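Okay, here's what each chain looks like letter by letter:
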Amino acid sequence: MSTTRKILYASEDAYTSIKANLATTILSSVTVGFALALVALFLIIFVNLQNHVEGFGERTHIIAYLKENATGVSKELIGTDVKALPGLKEYKYITKDEALDRLKEELGEHKAIFEGIKSDIFPASVEIKVKDTYRDPEKILETVEELRKLKWVAEIQYGQENIEKFAAFLAFFKLAATILGIFLTAAVVFIISNTVRLTVYARKDSIHIMKLVGASDAYIKVPFFFEGILVGLTGGIAAAAMLELTQFFFTGRIPEYLSFIITNPFGWAILVILVIVGMVLGTAGCLISMRRFLRA
Amino acid sequence: MIKLFNVSKYYDGSVPALLSTTLNIEKGEFVFITGPSGAGKSTLLKLIYGTELPTGGQMIVNGRNFQKVPRREVPYLRRRTGFVFQDFMLLKDKNVFDNVALALKIRGLPKDEIKERVSNMLAYLKIQHRANFNPLSLSGGEQQRVAIARALIKEPILLLADEPTGNLDPDLAFKTMELFKEANNQGTTVIVATHDRALLDHYHKRIITLDHGRVLPRVGQSETAPQPAEELNR
Ligand SMILES: Nc1ncnc2c1ncn2[C@@H]1O[C@H](COP(=O)(O)OP(=O)(O)O)[C@@H](O)[C@H]1O
Ligand SMILES: [Mg+2]
C-alpha cells in the first residue's frame, strides 16, 4: 500500500519537476531529435545508395560467344560446362534468332533496317550471372579464366572496366560510409549524453537535498526515469517529424531519378525505432549520469 | 542515544574540525551546542546525522554505527531524524507545501494525512499563507521556518537543529524553541547548535561548548559558559 503511494508520489514529483524544468526538457528533446534524425537520415541515404549501387552489380554479367562452326558441341555439353563454372548463379542460352530479336527490340522503331536480314550473322551466346559473393573483379576473373578454357568459347565479354570501377567505388563507398557512420554515431551519443548530463547536473542540488531528507535512491530516480522517457519519446517523435519534413521538402525539388535517395525504405519501422532508441538513450543516460550524485 | 568516543574529524588539511571528542547524550535529553564560529558545531551535527563520517574514533547513534551502515539503509535512518540545516536546504523546484510534504511522501503516508499534518505545521509556524510559494521568493526567516517544519513533520525521535533561529526575530525564535521543547516532552532527543545567548540563558539545559574542535570542560549553567566570539554565521 505504502509502496504504491510512494510510486504515485514520485510520479507526481516527476510531473512537477518536469514542469519546473520545462525549458531544459524541451531543449533536450529537440537536441535528441536532431541527433536521431541525423543518424536516421544517414542510414536511409546509406541503405538506398547501397541498394542502388548493388543493383549495378546485379546487371553485370558475362557473355560467352560461341564459335561459329564448333563441331560436336551440343546444348547439353554447353550446359554441363557452364554448370561446372565457379560462382555460377544462373545462365541463359541465347540462340541466333533470340539475338536478332533482342537487337530489334532495342532498336524499337528503327528495327525496320533489319528486315530481311538473317539471324545467321549473329553469334549464339551464353549469358552468365555470378553469385553476389563472386561480384568483385578477382572472383569474376576466376570464372572468366575457366570459361576461356572451354573449347566452344570464341569470345568473352564481361565489362572488365566497369566491373573494376564499380568494385573500387563500392569499396570506397562502404569505407567512407562506415567511417562517417562511426563519427556520426559517436557525435550523436556524445551530444545526447551531454544533454542528459546537463539536465541531471542542473538538478544535482535537488538530488542532494532529497537524499538529506531521507529519500531512497529509487524514489529520487523515478522523476529522472520519467524525464528520460519523455525526452526520448519527444526526441524520437521530433526526429520522425524531421525525417518526414525532409522528404516532403525534397520531393519535387530534386530530379526524379535521384529521389530514391531520400525515400524511406524502412516505412513506419524507422519511426518506431527512433522513438525506442530515443527513450532507451534518454533513460539510460539519465540514470547513468545521476549515479555520481546519488553516491556523493 | 548518542555516544562519541575519541571522535575526530579532519576535512582535508591538518587542522581538525573536531578533535578527540568524547560525548554522551541520553535519550530524551535537550542539549545546546555552542561555541564560536568554526568551532565544529555543524561538523558535530553532521557526524550525528551521518552526512559526514568521522576520520577517527568510534560513534554510535541510536544503536547504529554509521561507519558500518550499508548505503541503502541510510535513507531509512534519516526518516526518523529531523535536521534543520543552517542553510535550509530547500528544494527550489517545489513549493513550500511540497518541500515539507516530501518528508512524509518518501515514507508513503496517505495523502489526506500528509495534507493535514503539513497544513497544521505550516499554520503553527505562521507560513501557511506561503504554502504555494517557491522557497526562493521567501525571506530568510520564512525559509528557516519551512526548514523547521520539514524537520518536525517527521515526528523525529532525534531532532538536530543547526542555528535554527539565526534568521528569526526573538519572538519567533522563542516560539520555535517551544516547538522543540514540546517535541522533547514527547520523548524526542533534541540537539540545538546556537550562539544565541538569550536562548541559552532562558532554557536551563545542558550546554556543550566547543572551541577549535574541542569540548570545553563542563561548567554547568550558561552564565559561566564562555561568551562566543563574533559569530560569522557560517
Ligand atoms: N566541508 C568542509 N570542508 C573543509 N573544511 C570544513 C568543511 N566544513 C567545515 N570545515 C571546517 O571545519 C571547521 C569547523 O566548521 P563547522 O563545523 O562548520 O563550525 P561551526 O558550525 O561551529 O561554525 C572550520 O574550520 C571549517 O572551516
Ligand atoms: Mg555551523
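Each value, and the rule that gives it
Position numbers for residues count from 1 along each chain, tracking the sequence in the order it is written. Written order decides the labels, with chains lettered from A and ligands numbered from 1. Restriction of local features to residues with pLDDT of at least 70 applies here, the model being predicted, together with a cutoff of 80 or more for giving and counting side-chain atom pairs; totals for whole chains, interfaces and linings are based on all residues. By convention in this description, side-chain values take in all heavy atoms of the structure and omit both hydrogens and water. Counting from the N terminus, the helices are DSSP H or I runs at least four residues long and the strands are E runs at least two residues long. We compute the radius of gyration over the C-alpha atoms and compare it with the globule rule, which gives 2.2 Å times the number of residues raised to the power 0.38. In this scheme, a residue with accessible area under 20% of its type's maximum is buried, one over 50% is exposed, and one in between is partly exposed, where area comes from a 1.4 Å probe on protein chains only. Should any heavy atoms of two residues lie within 4.5 Å, those residues are counted as being in contact. Only the protein chains shown count as cover for residues, and the accessible areas themselves come from Shrake-Rupley with a 1.4 Å probe. Nine residue types can take part in a nonpolar core, namely buried Ala, Val, Leu, Ile, Met, Phe, Trp, Tyr and Cys, and a core is a set of them joined through side-chain atoms within 4.5 Å. Think of a salt bridge as a Lys or Arg side-chain nitrogen and an Asp or Glu carboxyl oxygen that are within 4 Å of each other. Here, patches come from residues exposed beyond 30% relative accessible area and free of salt bridges, joined within 9 Å for like charges and within 5 Å for nonpolar side chains (Val, Leu, Ile, Met, Phe, Trp, Tyr). Note that His is not counted, nor are the chain ends; the positive residues are Lys and Arg, and the negative ones are Asp and Glu. Charge positions are represented by NZ for Lys, CZ for Arg, CG for Asp and CD for Glu. Any residue with a non-hydrogen atom lying within 4 Å of a molecule or strand is treated as near it. Here a polar contact is recorded for every N or O atom pair within 3.5 Å, except that within protein the pair must consist of a potential hydrogen donor and a potential acceptor, and residues adjacent in sequence are included only if both atoms are side-chain atoms. Classes in brief: Ala, Val, Leu, Ile, Met, Phe, Trp, Tyr, Cys and Pro nonpolar; Asp, Glu, Lys and Arg charged; the others, Gly included, polar. Pairing of aromatic rings covers Phe, Tyr and Trp, the last counted by its six-membered ring, and requires centre-to-centre distances within 6.5 Å; plane angles under 30 degrees mean stacked, over 60 mean edge-to-face, and any other angle means tilted. Here, a charge over a ring is recorded when the distance from Lys NZ or Arg CZ to the ring centre is within 6 Å and its angle to the ring normal is within 35 degrees. Note that water is not among the atoms used; donors are N, O and S atoms within 2.8 Å of the metal (3.2 Å for Na, K and Ca), so sites may look incomplete. Those domain boundaries reflect an automatic or database domain assignment. Summed over both partners, buried area is the accessible surface (1.4 Å probe) that two parts give up on being assembled. Any two strands are treated as partners once DSSP identifies two or more bridges connecting them. Axis definition: a line fit to C-alpha positions, over the contact stretch in the case of helices; interaxial angles, taken between N-to-C directions, run 0 to 180 degrees.

**Notes on the overall build of chain A**
A count of helices and strands for chain A gives 9 helices and 4 strands. Expected size for 296 residues packed as a compact globule is a radius of gyration near 19 Å; at 31 Å, chain A overshoots this value by more than 25%. Expressed as lengths along the three principal axes of its C-alpha atoms, the size of chain A is roughly 100 × 40 × 35 Å. Expressed as a percentage of the 296 residues in chain A, the buried residues total 38%. Contacts in chain A between residues far apart in sequence, at least 24 positions, make up 82% of those at least 6 positions apart. Taken as a whole, chain A presents about 17,000 Å² of accessible surface, with 65% of it coming from carbon and sulfur.

**With respect to the nonpolar core**
Ranked by internal contacts, the top residues of the largest apolar core, which has 104 residues, are Ile-2, Ile-48, Val-118, Leu-122, Phe-180 and Ile-191 of chain B. Counting residues per element, this core draws most heavily on helix H8 (residues 217-250) of chain A, at 8 residues. Each residue touching Leu-122 of chain B, except ones within four places of it in the same chain, is listed here: Val-96, Phe-97, Val-100, Ile-127, Gln-128, Ala-131 and Ala-149 of chain B. In this structure, Val-82, Ala-124, Val-126 and Ile-128 of chain A belong to the second largest nonpolar core, which totals 20 residues.

**Brief notes about the pattern of salt bridges**
Per the counting criterion, the structure on display carries 19 salt bridges over all chains. For Arg-102 of chain A, the salt bridge is made with Glu-127 of chain A, and the minimal N-O distance between the two is 2.6 Å. With Arg-102 of chain A in helix H4 (residues 96-107) and Glu-127 of chain A in strand S3 (residues 125-130), this residue pair connects regions lying 25 residues apart in the sequence. We note a salt bridge from Lys-149 of chain A to Glu-146 of chain A, for which the minimum N-O separation is 3.0 Å. The class for Glu-146 of chain A is partly exposed, based on a relative accessible area of 33%. Salt bridges sharing partners connect three or more residues here, namely Asp-13 of chain A together with Lys-94, Asp-98 and Lys-105 of chain B.

**Some details on a negative patch on the surface**
Residue and element names in this part refer to chain A. On the surface, Asp-97, Glu-98, Asp-101, Glu-105 and Glu-106 cluster together into a patch of negative charge. For Glu-105, the position within the fold is in helix H4. You can call Glu-105 exposed: its relative accessible area is 68%.

**So, the site of ligand 1**
Residue and element names in this part refer to chain B. Around ligand 1 sit 11 residues in total, of which Gly-38, Gly-40, Lys-41, Ser-42 and Thr-43 are the nearest. A distance of 3.0 Å separates an oxygen atom of ligand 1 from a polar atom in the backbone of Gly-40. Between ligand 1 and the protein, one listed contact pairs an oxygen atom with a side-chain N or O atom of Thr-43 at 2.5 Å. Computed on the free molecule, ligand 1 has an accessible area of 560 Å², of which 70% lies beneath the protein chains in the complex. For the shell around ligand 1, the per-class residue count stands at 4 nonpolar, 5 polar and 2 charged.

**Notes on the packing of aromatic side chains**
All names here are of chain B. Tallying each qualifying case throughout the model produces 10 aromatic pairs over all chains. Taking the centre distance of 4.4 Å and the plane angle of 10 degrees together, the rings of Phe-83 and Phe-85 count as stacked. A cation over a ring is seen here: Arg-130 above Phe-133, with NZ or CZ 4.8 Å from the ring centre.

**Brief notes about the coordination of the magnesium ion (ligand 2)**
Residues and elements named next belong to chain B. Protein coordination at the magnesium ion (ligand 2) comes from Ser-42 (OG) and Gln-86 (OE1), with a distance range of 2.0 to 2.5 Å. Within this pair, whereas Ser-42 is found in helix H1 (residues 41-49), its partner Gln-86 is found in the loop between strand S5 (81-84) and helix H3 (96-105), the two being separated by 44 residues in sequence. Per residue, the accessibility class of Ser-42 equals that of Gln-86, and both read buried.

**Details of the domain arrangement of chain A**
Frequently, the measure chosen for interface size is the accessible area removed from exposure when the parts meet. Here chain A is described as being made up of domain 1 (3-55 + 167-294) and domain 2 (61-134). Taken over C-alpha atoms, the centre of domain 1 of chain A sits 55 Å from the centre of domain 2 of chain A.

**Thoughts on the interface of chain B and chain A**
Listed as interface residues are 26 residues of chain B and, on the opposing side, 26 residues of chain A. Contact between chain B and chain A buries roughly 2,200 Å² in total, counting both sides, with carbon and sulfur atoms accounting for 57%. For the chain B face of the interface with chain A, the top three residues by lost area are Arg-71, Asp-93 and Lys-105 of chain B, together amounting to 25%. Connecting chain B to chain A are 5 salt bridges. Across the contact surface, chain B and chain A share 11 residue pairs in polar contact (both at pLDDT 80 or more). Looking at the side of chain B that touches chain A, the elements that each hand over two or more residues are helix H2 (74-78), H3 and helix H4 (111-124) of chain B. Considering only residue class, the side of chain B that touches chain A consists of 13 nonpolar, 2 polar and 11 charged.

**Points about the pairing of strand S8 (residues 206-211) of chain B**
All names here are of chain B. Buried residues dominate S8, accounting for 5 of its 6 residues. One ladder, built from 4 bridges, connects strand S3 (residues 30-34) with S8; its direction is parallel. By the bridge assignment, Val-31 is partnered in S8 with Arg-206. The pairing of S8 with strand S9 (residues 214-215) spans 2 bridges and is antiparallel. Counted as the bridge partner of Leu-210 is Val-215 from S9. Here S8 folds back onto S9 in antiparallel fashion, the turn holding 2 residues, of which His-212 has a positive phi close to 50 degrees.

**Things to note about the sheet that holds S3 of chain B**
Adjacent strands of a sheet form backbone hydrogen bonds with each other and so pair up, either parallel or antiparallel. Residues and elements named next belong to chain B. The 6 strands are arranged S5-S6-S7-S3-S8-S9 in an open sheet whose pairing can be described as mixed. With one partner strand each, in any of the chains shown, S5 and S9 form the two edges of the open sheet. Sheet strands touched by H1: S3, S5, strand S6 (158-162), strand S7 (189-193) and S8. Its angle to S6, the strand with the most contacts, is close to 150 degrees.

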